[in-house]
Amino acid sequence: MHTLKKILAATLLTTCVAMQAQSDANQPPAKPAKAKSAKEKPLSREELLLEQVNEKFHKLDDLSQRYEDLQQRFDAMQKQMATRDADLEQARKDAAAARAEAADAKQKLETTQQAIGIDGSGVTTLQKEVADLKTTSTSLTSKIETTQQATKKLENPDVIHFKGIDLKPGGFLAAETVDRQRAIGGDVNTQFTGIPFAGSTAGTLSEFNASGRQSRIALLAEGKLPSATLRGYYEADFLSAGTTSNSNQSNSYTLRLRQAWAQADLNSGWMLTGGQMWSLATAYRHGLANNSEAIPLTIDAQYNVGFTWERQFGFRVVKRLGDKLWVGGAVEAAQTLNIGGHNLPTLVYQQAGNGGGLYNPTANYSYNAAPDLIAKLAYEPGWGHFEVFGIGRFFRDRVYPNGPLPPGAQQPSTTSALGAFTAKTAGGGIGANGLVSLFSKKLDVGAHILVGNGIGRYSTTTLPDATANPDGSLHLLVGGSALASLEWHTTKRLDLYGYYGGEYVGRSWAASDYLDTTPGPTLGQPILIGYGAPTNNVSGCYLEVLPVSSPNGGGNVPGSASNCNADNRNIQEGTFGYWFRLYRGTHGTLQQGIQYSYAERHTWQGIGNPEANLPNSPKAIDNMWFTSFRYYLPQ
């Protein structure tokens, strides 16, 4: 702009000079001007012309500025007019739409009035049409949801459909270890009555075993009828040993049946179940339905001391009485676990299994007179689960009063089965279970108790059911079990648990008609027959003995403690551990856990070794660590 002004000024100056020259040429000669003073020197013609040009350019700048201001005002007015035109056009459109809606509403009103009629006779028809539309809408919504669910099941099926039934596989694969302070010669299940005293070789050595045998397979089959749901369930693991099973090289162990049952769950609330299953005496988490048992979270396959359980044949009937109450009864397989005690008379209550009858010839099976009977009542008030139950048991044995006399008694010259007879007795117990969930079901607190006589078989440690009277009839031992549990589901990934339990069996003995002929402190005294007799010799329970000879020669078979006739009084165990889920989702569950247990085995007082200052009530302890790494199939 500045350059343009210079060019225009130069051009205008040149033009003005030329014009002024032309004007001077046409004018007559001017009269001579008066001479001015030195202070008032006249301007040259170029300077005068330049001054006039500058004045014109100042005026030109003012005009240009005014033009720009006017142009801006004009542009602003154009924008306002455009906005007003747009608003006016939108108002016209809205007015047209409103007129159209009003016309449509008037048409619908006239149509509705015609449909309803003057007397309102069309209202019923209109209501029916609306109801039909609602039904159709509900049906369409249901079909859409069904289609979505079907699509989800096709993409991630929860079950396998086979000829009208649903098959749901289950189970887990496990890698587990156990480290015991004192060896019991066992896998990841602990024989608590076998915790060794110091008088045996195992009582001075520890053991570490590793196993995958607790790996489990399961299958649930379910078919739905209009009036009932039919179910079948199978479950097995490998915690059994055949005659060729060992851990030397192939580690081959046999498949073990855990559960196999059939069930009819009627819509009327009745449930009929038959087969091998957890006993009805076992604690449950909800109702009395199978597969809802409150099993301890332990890695130890023998669970925890104080836990009441059996897995055996049973036929049960359960009735659901509303949403809070269940009542059930069961007939279950019976076994007389063992006859405890010492100096027992001649009697028979069991025999080795018959291979031809598909029983294990290396195991004993009792002569059962009748099945065990169990009844249970379960109640859920909304903040917990509570149970009371009773067990009825029946025992018998064959007694031979003319058979061999108890050890230490003078033997007759001849013995016979003359006078043999069958003795029968009955027993049982009562129990209660309670489970309370706190803090939005993050903390489960449980308690269990069972007391009675002849009930040792229903507890984890398998303490004896009975002993014998001097006449050979069975005397049922008083006993019981108790368990306290704490399970904290801290997060969806982590579970912490702790249990403390104990089991007890009473002592019972009586004097026989025979005198003790063996040298010792009881020489010449009546022989005591029964369980936990104070005359039992326990002096050798803490004295280690030499190994015995093996078939291959040499003394390399651990010897059993001699003069150790200690009868168990109570066994206690404290346990804590955790499970941490590394992954849990549609692809299954991968979890890892560690368990620690401390167990004590106490016995009834007998005759000890006062010279060695050893206790008359031997005690054995064991510290145990378990680890587990498992993959569960999706649930």
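Above this text you will find the structure in question.
What counts and what doesn't
Residues numbered from 1 in each chain as written. Predicted model: local features only at pLDDT ≥ 70, side-chain atom pairs only at ≥ 80, totals over all residues. Heavy atoms only, no water. Phe/Tyr/Trp six-rings, centres within 6.5 Å; stacked < 30°, edge-to-face > 60°. Helix = DSSP H or I, 4+ residues; strand = E, 2+ residues; numbered from the N terminus. Buried < 20%, exposed > 50% of the residue type's maximum accessible area, 1.4 Å probe, protein only. Lys NZ or Arg CZ within 6 Å of the ring centre and 35° of its normal. Core = buried A, V, L, I, M, F, W, Y, C linked by side-chain atoms within 4.5 Å. Contact = heavy atoms within 4.5 Å. Disulfide = S-S within 2.5 Å.

J.: How should I be thinking about the packing of aromatic side chains in this particular structure?
T.: For any two aromatic rings, the description comes down to two numbers: the centre-to-centre distance and the angle of the planes. Tallied over the entire structure, the rule returns 12 aromatic pairs. Between Tyr 303 and Phe 307, the aromatic rings sit 5.7 Å apart at their centres with planes inclined by 70°, giving edge-to-face as the arrangement. For the ring pair Tyr 504 and Trp 604, a centre distance of 6.1 Å and an interplane angle of 70° mean the geometry is edge-to-face. Placement of Tyr 504 in strand 20 (residues 494-505) and of Trp 604 in the loop between strand 26 (588-603) and strand 27 (619-632) is noted, with a sequence separation of 100 residues between them. Assessed through its relative accessible area of 39%, Tyr 504 is described here as partly exposed. A network of ring pairs unites the aromatic residues Trp 278, Tyr 303, Phe 307 and Trp 309 as a single cluster. Above the ring of Trp 278, the side-chain terminus of Arg 311 is found at 4.9 Å from the ring centroid.

J.: What is the right way to look at the nonpolar core in this model?
T.: Side chains of nonpolar character tend, in soluble globular proteins, to be buried together. By size, the foremost hydrophobic cluster in this structure holds 32 residues, and its most contacted members are Phe 192, Phe 197, Trp 278, Tyr 303, Phe 307 and Cys 541. Where this core is concerned, the elements lending two or more residues are strand 20, strand 25 (568-585) and strand 27. The contacts of Phe 197, once residues within four sequence positions are left out, are Gly 203, Cys 541, Cys 564, Ala 566, Arg 601, Thr 603, Pro 618, Lys 619 and Ala 620. Core analysis: the next-biggest nonpolar cluster, separate from the first, contains 15 residues, Leu 280, Ile 374, Ala 378 and Ile 455 among them.

J.: What is the right way to look at the state of the cysteines in this model?
T.: Scanning the entire structure with this criterion turns up one disulfide. Bridging Cys 541 to Cys 564, the disulfide has an S-S length of 2.0 Å. On the S-S bond that ties Cys 541 to Cys 564, the torsion sits near 100°, and the link is right-handed. Pair noted here: Cys 541 is in the loop between strand 22 (526-531) and strand 23 (548-549) and Cys 564 is in the loop between strand 24 (555-557) and strand 25, with a separation of 23 residues, a long-range link.

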